[in-house]
Amino acid sequence: MHSLTPERRRVDPEPRTEAAADPVTHRRGRGDRRPGLPWILPALIVSVGLLYYCIGYTGFISTLDWDGASPEQTGVGAENFVHMAQDPVFWGAIWHTVVFFVLTFSIQVGLGMAFACLLHSRVHLRTFYKVLIFIPVVLATATTAPAFRQIFAPDGALNGVLSALGLGGLTQAWLANGTTALLIVIFVQVWQSTGVVFVLYYAAIGQIEPEIIEAARLDGAGDLRIIRSLVWPGVRGTTIAIAILSAIGSLKTFDIPYLITQGGPSYATEFLGTQIYRVSVALSQVGYGAALSIVLLVLAITTAIIINAGGRRGGRTDV
Amino acid sequence: MFETRRLRSRIVLQIVLTLLVVPFAFPLVAMVQGSLAGSGWANYTTVLSLPQLPRFFVNSAIVAAGVILIVLACTMTAAFGFSKLSIRGKEIYFWMLLAALTLPEVVLLAPLFATITQIGAYNTLWAVILPLAALQIPFTVLLARNFVDGIPDPLLEAARIDGANTVRTFWHLLLPLTRPIMAAVVVLVFINSWNNFLLPLLFLQTPDQQTVTLVPQFFVGQYNNDQTKVLAAAVLTGLPVVIAYTCLQRFFERGLAAGALK
Amino acid sequence: MGVALAALATFALSGCSGSGSAGDGGSATEGNITWWSWTPDNDLAQREIDAFNQQYPNIKVTYKKVPNADYTAVLRPALASNDGPDVFTVAAGGRAGAVQTFAPYAYDLGPSMEQLLGANWRSKVYGAGADAFTVKGRVVAAQFAKVGAGILWINKEMFDRFHLSPPTTLADWVRVCQTFRSNGLGCLREGVGGAGFDIDTLHSIANSVEPGYWADALAGKRKWNDPTMVESLRIFGEFTRNGILDEGAVGIQQYPDVNNDFLSGKVPMVQMGTWYSQYTTVNSLTTALAGAGVPASTPKVTIVPVPFPDVAGKGNPNTLFADPDAAQAVNAKSPHRNAATTFALWLGGTPQGQQVLADNLDSFPTLNSIQPKWDGIQLVNPSVQRPELEKVTAALQNSSEPRTLGMNAVLQQAVNDADQGVVSGQKSPEAAAAAIQTAADANR
């Protein structure tokens, strides 16, 4: 049935050959011009509504000196933010986040690509490896953290393995040293998230047409050359997306440092997330915690915009 | 991807793959070993004989189901809207949604606590379901929109020509086509809802409301952390998710591949 | 018309009392109530509840144990809602359940205390506790436990094996540790930072340097960057270098790591307080060993309390310092307020309640004249342990030196940080002490 509502004819600036002009609207072109606002409302109400309300509330609290429970709330304006600028723990957390992001991103991408390429080849037991790499993703950190604390304890599994391999000189109290503690946090994150990166790369590589690879091979290109020049540029969009998610994830990091190192020793593994929790809950300085949260939000949005813009300039479609 | 014509290269690849995978398997093995220390399998029987345990699994399942339903409904409608329909200021709304991706759960605690107690949702599953859904939607919409972008417009145009209105197009045409991405969304949301710890910890107080991620707590005393039972509880909590993933792995892969960020 | 109005008024009033507020509080001897706390452990709590039910069989108490680290976070939304616990335990200060934070939610127990123990009830209980839990004139909680620290616990079998006696000076301690280490064992194991037990260690050292300084600092009469504190931090920092403290201290936790290691017989000595006495009993030690993940056939260690050595070498006597540990508060919104009050006052205010508590050995009673009944308690090694336990218990009863009373969460964190700094060698004692003072100054 044709709609009998007369609608204005629109001139389509980009004539497309596939879509025939709609006989009623005489429109061509991308997308259906029917109004879509009601369709995105549920998602907006649930997500944007709830979360932005929380953001607004947090913004309000950040101007207070409040312990979260008592009816007394003293307004202190921007004092929380001034305190933050002078807080060495805060700056340390920022630094750790940067180091964390750079290392986790590069290692995950490296491992993810390696696994994706390897598992696109004809090796045995492919499903077994795929599942094994992804299991850490599905396990909650709350359940794996005790195991990791045991592994890295002075008398734990790692030191045991090192001694058994004759490398007893390398054994140490891994969690007691600030640098190694941070590396442990990074290791656990990589363990937990490489599965996701792998699945994304695996899917993206699967999209590359085999003919291109075959052609390159016939031309005499070796495996590594093919990966470097054909595969890697071909999955650029995925890499950008992973970079954004990884950056945001690094800023949000909480579970792993909280459960394994408690942000220590001496704040060597403190991240913004753990600092917010410690300040708000243990020290009852909810106002300062809220101020930290606002800064975290701003940083995350800025980072996402920067990475996305950087990716676009490289000539790929946006996320 | 790699040349596998010669036997030697196949062996090398297999070895490299196995070596790379060892660090992934090692903690899993340690976890199971730790859960069997001390009393051995008795740890598992102790955890399983917690009277509240079945109820916890039920609650976790309810939370997961609730979150999945809400997220699916919001995600698919939003993906359809963003991708195929006209909206003024569409990209602004989209970026508002994405900006919410940056929110860590910790930040929500203070405002949620104030709101939830005021509206009387404390100690109900809603206190967990709604915030979790809100947190997942930005990412799932991102994935789903990409996927729906890949559905050729002529398909939908054809439906319009046949006179279908928007709702029917959505229900009868779009949804069946989006099964792979829906599967991916279901798996991701299930994992995140099942494993969530912080919200149940703070807002679910009585055993008839609590979820399975709070089980290790029963074995954390003030002076005696019963690590063996904590690990046994951890293994038991993780098992359903591992099994679910192993079974649904193919669909998940296909869904991500189709909705993949190319 | 008048009758109708009166009926309406009655209707309205009865409607009001049902919602939100606690109404008349229900019966004092019947009801189902919930009790939340971070202490004691489930088995000890069950003993206490069973004893309570012998006197009040119709009040059913459900205990919910919340981990120490989460207690404050979990309690806040609970008390703000209408579904909170009827009875909740509070502490005199610190990071978990501080009474100051939760006082607004608690029901004034003053009148009930007077009813139970008479108008002069304050003279019948531990004075510091009665004061600590009275906030702005309201008796916010009924205390039931006192704990102390200032001692070390040793593994007697290990000391005997190498013919060593507990050290009394720093030089002694270094020698003892050398013997242990040359035989492949550790010496003093401690988790520095986080949970806060290193505060007690630092306190003992400070007492050895200058008795009375810590109490003055707590009261604000002396500064935290005083030379006494600097010297104490220096001595603590030296523990790593002179072989007393096991390496990796800043990376392990007192609970569960050190606790499990010591109780399963792997470590010769730890710094813990009087609450550790519970592990001299067969029951508690058995439970602890099961939790430590060791086979059931592991031999049960004989742990013995010994005084903290005179590390400063000035001949100052070792003293035990003690604080009110915990008290029961009643939720003002509870619909079972009266039954909750009965239970809240029972544990700390009646001889029966206090006796059960005393016999559990993890806390010391706050009601004067109650002592553990040693004959009825099954110790692992009575001939060795009982005399020492009786000494410590007597010292605890007479102790009037505060432990951390008045130290809020921020200050405790600052001392933890200082300890971690000197033990790991990253901070000089002067810098560490200065940082504590800065935190104390910034604090309102």
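Residues numbered from 1 in each chain as written. Chains lettered and ligands numbered in written order. Predicted model: local features only at pLDDT ≥ 70, side-chain atom pairs only at ≥ 80, totals over all residues.

Enquirer: It is not clear to me how the sheet that holds strand E6 (residues 142-149) of chain C should be interpreted in this structure. Could you clarify?
Expert: In any sheet, the strands associate via hydrogen bonds between backbone groups, in a parallel or an antiparallel arrangement. Residue and element names in this part refer to chain C. Taken together, the 5 strands give an open sheet; going across it, the order is E2-E1-E3-E10-E6, and neighbouring strands pair in mixed fashion. A strand with exactly one partner marks an edge of an open sheet, and here the two such strands are strand E2 (59-65) and E6. Put simply, the sheet's adjacent strands are angled 20 degrees from each other on average, direction ignored. Bridge analysis of E6 against strand E10 (residues 321-330) gives 7 bridges, and the strand direction is antiparallel. Across the sheet, alanine 142 pairs through a bridge with glutamine 328, a residue of E10. Each of strand E1 (31-37), E2, strand E3 (87-90), E6 and E10 is contacted by helix H14 (residues 337-349), which is oriented at about 160 degrees to E10, the strand it contacts most. (Pairing = 2+ DSSP bridges. Helix = DSSP H or I, 4+ residues; strand = E, 2+ residues; numbered from the N terminus. Axes fitted to C-alpha atoms, helices over the stretch in contact; angles between N-to-C directions. Contact = placed C-beta atoms within 7 Å.)

Enquirer: In this structure, what is going on with the sheet that holds strand E9 (residues 303-307) of chain C? I would like to understand it.
Expert: All names here are of chain C. The strand order across the open sheet formed by 3 strands is E8-E7-E9, and the pairing between neighbours is antiparallel. Unpaired on one side and paired on the other, strand E8 (269-270) and E9 mark the two borders of the sheet. One ladder, built from 5 bridges, connects strand E7 (residues 151-155) with E9; its direction is antiparallel. Directly across from asparagine 155, in E9, lies its bridge partner isoleucine 303. Across the sheet, helix H16 (residues 382-398) lies against E7 and E9, angled at about 40 degrees from E9, the strand it touches most.

Enquirer: I'm lost on unusual backbone geometry in this one. Help?
Expert: Cis geometry is adopted by the peptide bond preceding proline 40 of chain C, which originates at threonine 39 of chain C and carries an omega value of 0 degrees. You can see proline 40 of chain C is positioned in the loop between E1 and helix H2 (42-55). The linkage connecting tyrosine 255 of chain C with the following residue, proline 256 of chain C, adopts the cis geometry, with an omega of 10 degrees. Tracing the backbone shows proline 256 of chain C in helix H12 (residues 254-263). Its identity as a non-glycine residue notwithstanding, asparagine 123 of chain B has a phi of 60 degrees, on the positive side. On the secondary structure map, asparagine 123 of chain B appears in the loop between helix H5 (105-118) and helix H6 (126-149). Classification of asparagine 123 of chain B as buried rests on a count of 22 C-beta atoms within 10 Å. Its identity is not glycine, yet lysine 136 of chain C carries a phi of approximately 50 degrees, on the positive side. As for its placement among the helices and strands, lysine 136 of chain C is situated in the loop between strand E4 (134-135) and strand E5 (138-139). (Buried ≥ 20, exposed ≤ 12 C-beta atoms within 10 Å, placed from the backbone.)

Enquirer: When you look at the pairing of E10 of chain C in this model, what are you seeing that I'm missing?
Expert: The side chains of a regular strand alternate, first on one face of the sheet and then on the other. All names here are of chain C. The element E10 is extensively covered by neighbouring structure, given that 10 of its 10 residues are classed as buried. Relative to E10, E3 is paired through 4 bridges, and the arrangement is antiparallel. The residue bridging phenylalanine 88 from the neighbouring strand is alanine 329, located in E10.

Enquirer: Got a minute to help me understand the domain arrangement of chain C in this structure?
Expert: When the parts come together, some accessible area is lost, and that loss is often what is quoted as the size of the interface. Assigned domains within chain C: domain 1 (22-146 + 324-372) and domain 2 (151-319 + 397-442). Grouping the amino acids of the side of domain 1 of chain C that touches domain 2 of chain C by side-chain chemistry returns 5 nonpolar, 4 polar and 3 charged. (Domains from an automatic or database assignment. Nonpolar A, V, L, I, M, F, W, Y, C, P; charged D, E, K, R; others polar.)

Enquirer: Help me understand the packing of helix H11 (residues 227-241) of chain C against helix H18 (residues 429-442) of chain C, please; the structure alone is not making it clear to me.
Expert: When two helices pack together, their arrangement is given by the angle between the helix axes and by the axis-to-axis distance. All names here are of chain C. Between H11 and H18, the least distance of the axes is 8 Å, while the angle of their chain directions is 125 degrees. Put simply, H11 runs oblique to H18. Here H11 runs over H18; the crossing is right-handed. The residues of H18 that touch H11, namely those facing Met229, Val230, Leu233, Arg234 and Gly237, are Pro429, Glu430, Ala432 and Ala433. Partitioned by chemical class, the residues of the contact of H11 with H18 number 6 nonpolar, 1 polar and 2 charged. (Parallel < 35°, antiparallel > 145°, perpendicular 65-115°, else oblique. Left-handed = near helix turned anticlockwise from the far one by under 90°.)

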